[in-house]
Amino acid sequence: MKHIRFAVIGMGFIFSRHKQAIESLGGEVYLTCDIDKTKNPDFTDWVEMFNHPKFKEVEIVSILTPNYLHAVIAREAVLKGKRVLCEKPLTLSSEECLTLSDNVFTVLQLRHHPEVIRLKNELKGKHKVGLVVKVKRDKDYWEGWKGQNEKSGGILFNLGIHYFDLLIHLFGKEYKVIDSLCLNRSAGGELDFNGTICNYYMEIMPDNKEQDRYLVIDGKRINLSKQDNLSFEDLHLEVYKDLMQGKGVLPSEAIKSIKLVEKLCR
């Protein structure tokens, strides 16, 4: 693949996974931006970076910032003529998602999970489905932006969006919400995808004793991960492979799970 220069905004936990994927495919993290100077970013202000002469040499902008900043940065990057890859959730509202162009792609890497690819090819008809997502988060999670619903979107946007995208990806965009309950540290409910009934439960826990992520389809368990973060599955590499070929999850696709989460949060 051709050498592509990236600007990466946000150098938190997930940054290393993005950097590794970019470099393994022959790309270059050409510019970095983060408000934390101890991480040695090239810039601490993304607006300043966008207006710097070196930014003209960048082809793709990867946005790894707090969720509430995703859309505004993505729009400005596109106005600067760049292609964009944005971490999930792409936006915190479907209305805002409609403001984004097809030069913006989002990270929903579970679509590249081997088990999900298999299920996508094999599933037919109606099924009985269970989804369980239980992950550990320490006090830093709650004290930072992820613990602030106005910045993260809360548990269903910050954690659940991957899994609701997965359900729509496997069972279709037509559904009914039968039941839903959304609390600060847990959420659960039942969805009907044209006869495929899915019960879901998500929880953020203080320890990893019962940490798990899995589907149950017609009584058969499909493990997705036992790690506390999906980045450990190394699926970002597949996302970047698509991106460098001009493919990926566009706003018109990402909005489907965003609309579902909006209904569940009401």
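A. Spotlight on a positive patch on the surface. Taken together, the side chains of K173, K259, K263 and R266 make up a positively charged region of the molecular surface. Residue placement: R266 occurs in the segment after α10 (251-265).

B. Inspection of the sheet that holds strand β4 (residues 83-86) at higher detail. Ordered by their spatial adjacency, five strands build an open sheet running β2-β1-β3-β4-β5, and the pairing between neighbours is parallel. Pairing within the sheet leaves two strands with one partner each, and these edge strands are β2 (28-33) and β5 (104-106). In this sheet, adjacent strand axes meet at a mean angle of 25° when their direction is disregarded. Pairing geometry for β4 and β5, over three bridges, is parallel. In the strand pairing of β5, V84 is matched with V104. Along the sheet face, helix α9 (residues 236-244) touches β1 (5-9), β3 (60-63), β4 and β5 and points at about 165° away from the line of β4.

C. Layout of the sheet that holds strand β11 (residues 220-225). Taken in spatial order, the six strands line up as β7-β8-β9-β6-β10-β11 in an open sheet, and their pairing is mixed. Edge positions in the sheet fall to β7 (176-182) and β11, since each has one partner strand and no second. Sheet twist, expressed as the mean angle between neighbouring strand axes with direction ignored, is 10°. Lying over the sheet, helix α8 (residues 155-171) contacts β6 (128-136), β7, β8 (186-193), β9 (196-205), β10 (212-217) and β11, oriented at roughly 155° with respect to β9. The strands touched by α10 within the sheet are β7, β8 and β9, with β7 carrying the most contacts at an inclination of about 60°.

D. Expanded view of the nonpolar core. Counting 64 residues, the largest nonpolar core has F164 and L215 as its most contacted members. If one sorts the elements of this core by residue count, α8 sits on top with twelve residues. If we ignore the near neighbours within four places in the chain, the residues touching L215 are L119, V129, G130, L131, L166, L167, L170, K220, R221, I222 and L224. Formed by 19 residues, the second largest nonpolar core is a distinct cluster that contains M11, L64, V107 and M244.

E. Seen up close, the pattern of salt bridges. Summed over the entire model, instances satisfying the criterion amount to 14 salt bridges. One salt bridge in this structure joins E238 and K241, with 3.4 Å as the shortest N-O distance. Here K241 and E238 lie together in helix α9, a separation of three residues that amounts to about one turn. Notably, a salt bridge pairs E253 with K256, separated by 2.9 Å at the nearest N-O pair. Of this pair, E253 and K256 both sit in helix α10, three residues apart, which is roughly one turn of the helix. Exposure remark for E253: the relative accessible area of 23% places this residue in the partly exposed category. You can call K256 partly exposed: its relative accessible area is 25%. Among the charged side chains, a salt-bridge network with shared partners connects R111, D165, E253 and K256.

F. Quick look at the side chain of T106. With respect to the helices and strands, the residue T106 is situated in strand β5. Judged by relative accessible area, which is 3%, T106 ranks as buried. Leave out the neighbours within four places in its chain, and T106 touches L85, C86, E87, K88, L90, V249 and A254.

G. Molecular detail of the side chain of N67. Tracing the backbone shows N67 in the loop between β3 and α3 (70-79). A distance of 2.8 Å separates a polar atom in the side chain of N67 from the backbone oxygen of S152. Once residues within four sequence positions are removed from consideration, N67 is found in contact with K88, P89, L92, W145, K151, S152 and N158.

H. Region of interest: the pairing of β4. Burial along β4 is two-sided: the face carrying R83 and L85 and the face carrying V84 and C86 are both buried. In this structure, β3 lies alongside β4, joined through four bridges in parallel fashion. In the sheet register, V61 faces β4, and the bridge partner there is V84. Running through α3, the crossover from β3 to the neighbouring parallel element β4 is right-handed.

I. Local environment of helix α1 (residues 15-24). Among the residues of α1, F15, R17, H18, A21 and I22 are the ones counted as buried. Looking down the long axis of α1, one finds its buried residues gathered within 165° of arc, a one-sided arrangement. The inward-facing, buried residues of α1 contact β1, β2, β3, β4 and α9. Of the residues one or two after α1, G26 is the one with positive phi, at around 85°.

Calculation criteria
Positions within a chain are numbered from 1, following the residues in the order the chain's sequence is written. It should be noted that, the model being predicted, local features are given only for residues of pLDDT at least 70 and side-chain atom pairs only at 80 or more, the latter also being counted only at that level, while totals for whole chains, interfaces and linings use all residues. Side-chain figures throughout are based on the complete set of non-hydrogen atoms in the structure, without hydrogens or water. Patch building starts from residues that exceed 30% relative accessible area and form no salt bridge, then joins like charges within 9 Å and nonpolar side chains (Val, Leu, Ile, Met, Phe, Trp, Tyr) within 5 Å. Shrake-Rupley sampling with a 1.4 Å probe provides the accessible areas, and residues are treated as covered by the protein chains on show and by no other component. Each reported salt bridge corresponds to a side-chain nitrogen of Lys or Arg within 4 Å of a carboxyl oxygen of Asp or Glu. Charge counting follows a simple rule: Lys and Arg are positive, Asp and Glu are negative, and His as well as the terminal groups are ignored. Where a charge sits is defined by one atom per residue type, namely NZ (Lys), CZ (Arg), CG (Asp) or CD (Glu). We count a stretch as a helix when DSSP gives it H or I for four or more residues in a row; a strand needs E for two or more, and each element gets its number in order from the N terminus. Whether two strands pair comes down to DSSP finding at least two bridges between them. For every element, the axis is a line fit to its C-alpha atoms; helices are fit only across the contacting stretch, and the angle between N-to-C directions ranges from 0 to 180 degrees. By definition, residues are in contact when any of their heavy atoms lie within 4.5 Å. Remark: nonpolar core denotes a set of buried residues (Ala, Val, Leu, Ile, Met, Phe, Trp, Tyr, Cys) joined through side-chain atoms within 4.5 Å. Summary of the burial criterion: residues with accessible area below 20% of their type's maximum are buried, those above 50% are exposed, and those between are partly exposed, where the area comes from a 1.4 Å probe applied to protein chains only. Polar contacts here mean pairs of N or O atoms no more than 3.5 Å apart (in protein, one a potential hydrogen donor and the other a potential acceptor; neighbouring residues in sequence count only if both atoms are side-chain atoms). The crossover handedness rule: strands pointing away from the viewer, path from first strand over the helix to second strand clockwise, crossover right-handed. What the arc measures is the spread of directions leading from the helix axis to the C-beta atoms.

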